[in-house]
Amino acid sequence: MPERARPIIPALILLLAGATLGGCSGGDFGRTRADFRNDDMHRWLGAEANGSVGMRASQFQLTEHERQLRDLAYQFIESPLSRPAWKSVFGDYQRLPAPWRQNVVFDRTAYGRNLIDEPHRSFASRYSLLIDHVRDDITRFEPFFATAAQVIALDCKRSASLKAIADVSPRERADAVARMEENALIVQWVQVSLERRISSYRWALERLVIQAPDGMAADAERQINELARLAGTTPPAACQAAVAVSKG
């Protein structure tokens, strides 16, 4: 290779690397776009919940509590799939359909199959990952439902105000009712997601026990039972103006 050609190669490598990284940051390969990460990145949950049952979305801005409700809800709504470490770093954020969509099919085996099929050094690490996922859900439970209780309580005040204020415009009333419907449906969406997660966790544990019995199974079962106990508690009751949809 001619001596004068050598300095070009490092520069070319840097140029190609920069182009590749630039493409990644723009949202290629399903990764989260930088311009998509914002305070209202989970606002779509309300629109999707209402749209899935044939209702319009509210045009009101989100309150601080409503924004937090959506942020915390997404942690339960996103499927608890076992992912390679690099995906956890780069992210694979996606919008998900509400459970009331007719074409949504729940596969309780998907989580367990991914957990077992993904390369691990030992079955003990698979048990550990399952336990970690369940514990994460248990940790998230109280913050979400505490926020949900606050949002529903404020919606009850909103509903009372609609009855007391005489000059509310039709558009304001429609947006207020739509927002209450969104909030109530998001809480129900999380309830459905929790039930599905618990079903998936149980299936995964059963397969782990069949393939590689281990003392860690008892701890995993205790954690799943605790999550099931929490999920069975009475959720915040929606106000009369808000919609109630069967969990199916």
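None of the values given here were measured: they were computed from a predicted structure. (Residues numbered from 1 in each chain as written. Predicted model: local features only at pLDDT ≥ 70, side-chain atom pairs only at ≥ 80, totals over all residues. Heavy atoms only, no water.)

Engineer: Where do I start with the environment of Ile 131 in this structure?
Structural biologist: As for its position among the elements, Ile 131 is in helix α6 (residues 123-164). In sequence terms Ile 131 and Tyr 201 are 70 residues apart; their C-alpha atoms lie 9.1 Å from each other. Apart from the residues within four sequence positions on either side, Ile 131 is in contact with Met 216, Asp 219, Ala 220 and Gln 223. (Helix = DSSP H or I, 4+ residues; strand = E, 2+ residues; numbered from the N terminus. Contact = heavy atoms within 4.5 Å.)

Engineer: Please clarify how the nonpolar core should be interpreted in this entry.
Structural biologist: General note: in soluble globular proteins, nonpolar side chains tend to be found buried as a group. Counting 41 residues, the largest nonpolar core has Leu 45, Leu 130, Phe 144, Trp 189 and Val 190 as the members making the most contacts within it. Considering every element that reaches this core, the biggest residue donor is helix α7 (residues 170-211), with 11 residues. Those residues in contact with Phe 144 that lie beyond four places of it in its chain are Leu 69, Leu 72, Ala 73, Phe 76, Ile 186, Val 187 and Val 190. (Core = buried A, V, L, I, M, F, W, Y, C linked by side-chain atoms within 4.5 Å. Buried < 20%, exposed > 50% of the residue type's maximum accessible area, 1.4 Å probe, protein only.)

Engineer: How should the side chain of Asn 50 be read in this particular structure?
Structural biologist: Residue placement: Asn 50 occurs in helix α2 (residues 44-52). In this structure Asn 50 touches Met 55, Arg 56, Ala 57, Ala 178, Glu 181, Glu 182 and Leu 185, once residues within four positions along its chain are discounted.

Engineer: Sorry if this is basic, but what is going on with the pattern of salt bridges here?
Structural biologist: Pairing is possible between side chains of opposite charge, provided their charged atoms come close. Counted by the stated rule, this structure contains 15 salt bridges. Here Asp 155 makes a salt bridge to Arg 158, at a shortest N to O gap of 2.8 Å. With Asp 155 and Arg 158 both in helix α6, this residue pair falls 3 residues apart, about one helical turn. Owing to a relative accessible area of 3%, Asp 155 belongs among the buried residues under this scheme. Among the ionic pairs, Arg 222 bridges to Asp 219, the shortest N-O distance being 3.9 Å. (Salt bridge = Lys/Arg side-chain N within 4 Å of Asp/Glu carboxyl O.)

Engineer: I'm lost on α2 in this one. Help?
Structural biologist: Of all 9 residues that make up α2, 7 are buried, and the element is covered over most of its length. Buried within α2 are the following residues: Trp 44, Leu 45, Gly 46, Glu 48, Ala 49, Asn 50 and Ser 52. Buried positions along α2 lie against α3 (64-77) and α7. Looking at the residues trailing α2, positive phi occurs at Gly 54, about 80°.

Engineer: Help me understand the confidence of the model for the protein chain, please; the structure alone is not making it clear to me.
Structural biologist: The predicted coordinates should not be examined in detail at positions where pLDDT is low. Chain-level statistics for the protein chain give a pLDDT mean of 82 and a share of 76% at 70 or above. Of all the helices and strands in the protein chain, helix α4 (residues 85-90) carries the lowest mean pLDDT, 44, while helix α8 (residues 216-231) carries the highest, 97. Overall, residues 11-36 carries pLDDT values under 50, and its contacts beyond four positions in sequence, including any with other chains, amount to 20 contacts. Per-residue pLDDT stays below 50 along residues 84-90; that stretch engages in 6 contacts with residues further than four places along the chain or on separate chains. (pLDDT = per-residue confidence, 0-100.)

Engineer: Please clarify how the packing of aromatic side chains should be interpreted in this entry.
Structural biologist: For any pair of aromatic rings, the description rests on two quantities: the centre-to-centre distance and the angle between the ring planes. For the coordinates displayed, the defined rule picks out 6 aromatic pairs. Ring plane angle 70° and centroid distance 6.0 Å describe the contact between Phe 76 and Phe 144, whose orientation is recorded as edge-to-face. You can see Phe 76 sitting in helix α3 and its partner Phe 144 sitting in helix α6, a full 68 residues away along the chain. The buried category is assigned to Phe 76, whose relative accessible area is 1%. Residue classification places Phe 144 among the buried residues on the basis of a relative accessible area of 0%. An aromatic cluster is present here, built from Phe 76, Phe 141, Phe 144 and Phe 145 joined pairwise through their rings. The aromatic ring of Phe 123 is capped on one face by Arg 126, whose charged end is 4.7 Å from the ring centroid. (Phe/Tyr/Trp six-rings, centres within 6.5 Å; stacked < 30°, edge-to-face > 60°. Lys NZ or Arg CZ within 6 Å of the ring centre and 35° of its normal.)

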